[in-house]
Amino acid sequence: KLMDIYSPELATAQQNLLFLLQNDAGNASFIQSAKEKLLLLGMSSEQLQQVIRSREAALSVIIYSPLDGHIHDALNMEAMMPASSQESLLTRELMLKEGMYVQKGQAVLTVMNPRRLWVVLNIYGDDQGLVKTGDPVHIVSEAMPGMDFNAKIDFIEPFYREGSKTLAARVYFENHSMMMPVGSQVRAGISVRPLKADWLPEDAVLSLGINRVVFKRTGAAFKAVKVETGSLAGNNIQITGGLGPQDTVAANAQFLIDSESFIKVNE
């Protein structure tokens, strides 16, 4: 049982059904339509039968949850809320109070099923191009040491959550045996597909804010050249543009500058 609710529409629909039963009992189609309306408005079959047996309209109707799980507030929960705000709602006091008004179709409570959960993984910018739906993932719970399992990436959200610069990937899993608490922190390792690309040691690439440069050998000297980069893998960085396969660069770009240097890059 979640709550008792009074609805003028429910009360009127019950009175209409009772009027038909008393004054037009042979009109089966109208009576069936009146019953279906009450069921669609949220009454259960047992509650409907009780009204028919007692020949009295219920002033308030009991609302039952059709599912088992944890009850959480849904009155102010926004569809696109940052993950940190969603986690804080798990333990926030319910805004639903006795005697308050609610509108038809308004969500007032959310039932969370603890046996069917998903993990939200934050994928940083350099790795977003590597992670695909279906990639194997190994999940380790920080709340329950020794509790780990294998799964796969089921869904990658096609948007950035408000206030976040990471892309969220979801991993769905059955929680019947583990009973991992909702809101637990986890660590994950994703096995991505091999990436064929040109790579340089990370030390060979110098970051200048929005630009990245390497020092390319030109004759007997080195010249700063702007490059385009992609993913990081260990101590290597992917080069997606600005260099050819035969070019030679300095292994450590930091050794070729000092604190007073000004690097000019030819576009």
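First, a word on scope: everything that follows refers to the structure included in this document. Computed from a prediction, not measured in an experiment: that's the story for all the values here.

## Digging into the packing of aromatic side chains
Right, on to step 1. Evaluation of the coordinates by the stated rule reveals 2 aromatic pairs.
Right, on to step 2. Plain terms: the ring middles of Trp118 and Tyr172 are 5.6 Å apart, the flat faces sit at 85° to each other, and that makes the pair edge-to-face. Within this pair, whereas Trp118 is found in strand β5 (residues 116-123), its partner Tyr172 is found in strand β9 (residues 167-174), the two being separated by 54 residues in sequence.
Right, on to step 3. Looking at Trp118, the relative accessible area reads 45%, which means it is partly exposed.
Right, on to step 4. Sitting over the face of the ring of Trp118, Arg170 holds its NZ or CZ atom 4.7 Å from the ring centroid.

## Focus on helix α2 (residues 28-40)
Right, on to step 1. Here α2 contains 13 residues, and its C-alpha end-to-end distance of 18 Å stays within 8% of the 18 Å for a straight helix at 1.5 Å per residue.
Right, on to step 2. Inspection of α2 places Ile31, Ala34 and Leu38 among the buried residues, and these make up the whole buried set. The arc that holds the buried residues of α2, viewed along the axis, is 60°, so those residues lie on one side. Away from its buried face by more than 90 degrees, α2 exposes Ala28 and Leu40.

## Section: helix α3 (residues 45-54)
Right, on to step 1. What α3 keeps buried is the set Gln47, Leu48, Val51 and Ile52. Seen along its axis, α3 keeps its buried residues to an arc of 140°; they face one direction. In α3, the exposed positions that point more than 90 degrees away from the buried face belong to Glu46 and Arg53.
Right, on to step 2. Summarising the contacts, the buried residues of α3 are in contact with α1 (8-23), α2 and β2 (61-63).
Right, on to step 3. Residue Arg55 follows α3 closely and has a positive phi angle near 60°.

## Here's the deal with the packing of α1 against α3
Right, on to step 1. Packing of α1 against α3 leaves a shortest axis separation of 10 Å and a crossing angle of 45°. Classified by the angle their axes make, α1 and α3 are oblique. The two elements α1 and α3 meet at a crossing, and its hand is right-handed. Contacts between α1 and α3 involve Gln14, Leu17, Leu18 and Leu21 on the former and, on the latter, Leu48, Val51 and Ile52.
Right, on to step 2. A breakdown of the residues in the contact of α1 with α3 according to their chemical character gives 6 nonpolar, 1 polar and no charged.

## Thoughts on the side chain of Gln238
Right, on to step 1. Within the secondary structure layout, Gln238 lies in strand β15 (residues 236-241).
Right, on to step 2. When near neighbours in sequence (up to four residues on either side) are disregarded, Gln238 contacts Leu195, Ala197, Asp198, Trp199, Glu228, Thr229, Gly230 and Ser231.

## Describing the pattern of salt bridges
Side chains that carry opposite charge are capable of pairing whenever their charged atoms lie near each other.
Right, on to step 1. For the structure shown, the criterion picks out 7 salt bridges.
Right, on to step 2. In this structure, Lys1 engages Asp4 in a salt bridge whose closest nitrogen and oxygen atoms are separated by 3.4 Å.
Right, on to step 3. In this structure Lys1 comes out as exposed when scored by relative accessible area, which is 62%.
Right, on to step 4. You can call Asp4 partly exposed: its relative accessible area is 45%.
Right, on to step 5. Salt-bridge contacts for Glu157 lead to Arg161; the nearest nitrogen and oxygen are separated by 2.7 Å.
Right, on to step 6. The exposure class of Glu157 is buried, given its relative accessible area of 2%.
Right, on to step 7. The exposure class assigned to Arg161 is buried, which follows from its relative accessible area of 14%.
Right, on to step 8. The network of salt bridges with common partners includes Glu157, Arg161 and Arg170.

## Looking at the sheet that holds strand β6 (residues 136-141)
Right, on to step 1. If you walk across this open sheet you meet the 3 strands as β7-β6-β10, and the pairing is antiparallel. Each having just a single partner strand, β7 (148-152) and β10 (186-190) make up the two edges of the open sheet. Here the strands of the sheet are splayed against their neighbours by 25° on average, with no regard to which way each runs.
Right, on to step 2. Of the pairings in the sheet, the one linking β6 to β7 comprises 5 bridges and is antiparallel in character. Its bridge partner lying in β7, Pro136 is registered against Lys152.

The rules behind these values
- Residues numbered from 1 in each chain as written.
- Predicted model: local features only at pLDDT ≥ 70, side-chain atom pairs only at ≥ 80, totals over all residues.
- Heavy atoms only, no water.
- Phe/Tyr/Trp six-rings, centres within 6.5 Å; stacked < 30°, edge-to-face > 60°.
- Helix = DSSP H or I, 4+ residues; strand = E, 2+ residues; numbered from the N terminus.
- Buried < 20%, exposed > 50% of the residue type's maximum accessible area, 1.4 Å probe, protein only.
- Lys NZ or Arg CZ within 6 Å of the ring centre and 35° of its normal.
- Expected span 1.5 Å × (residues − 1).
- Arc of directions from axis to C-beta.
- Contact = heavy atoms within 4.5 Å.
- Axes fitted to C-alpha atoms, helices over the stretch in contact; angles between N-to-C directions.
- Parallel < 35°, antiparallel > 145°, perpendicular 65-115°, else oblique.
- Left-handed = near helix turned anticlockwise from the far one by under 90°.
- Nonpolar A, V, L, I, M, F, W, Y, C, P; charged D, E, K, R; others polar.
- Salt bridge = Lys/Arg side-chain N within 4 Å of Asp/Glu carboxyl O.
- Pairing = 2+ DSSP bridges.

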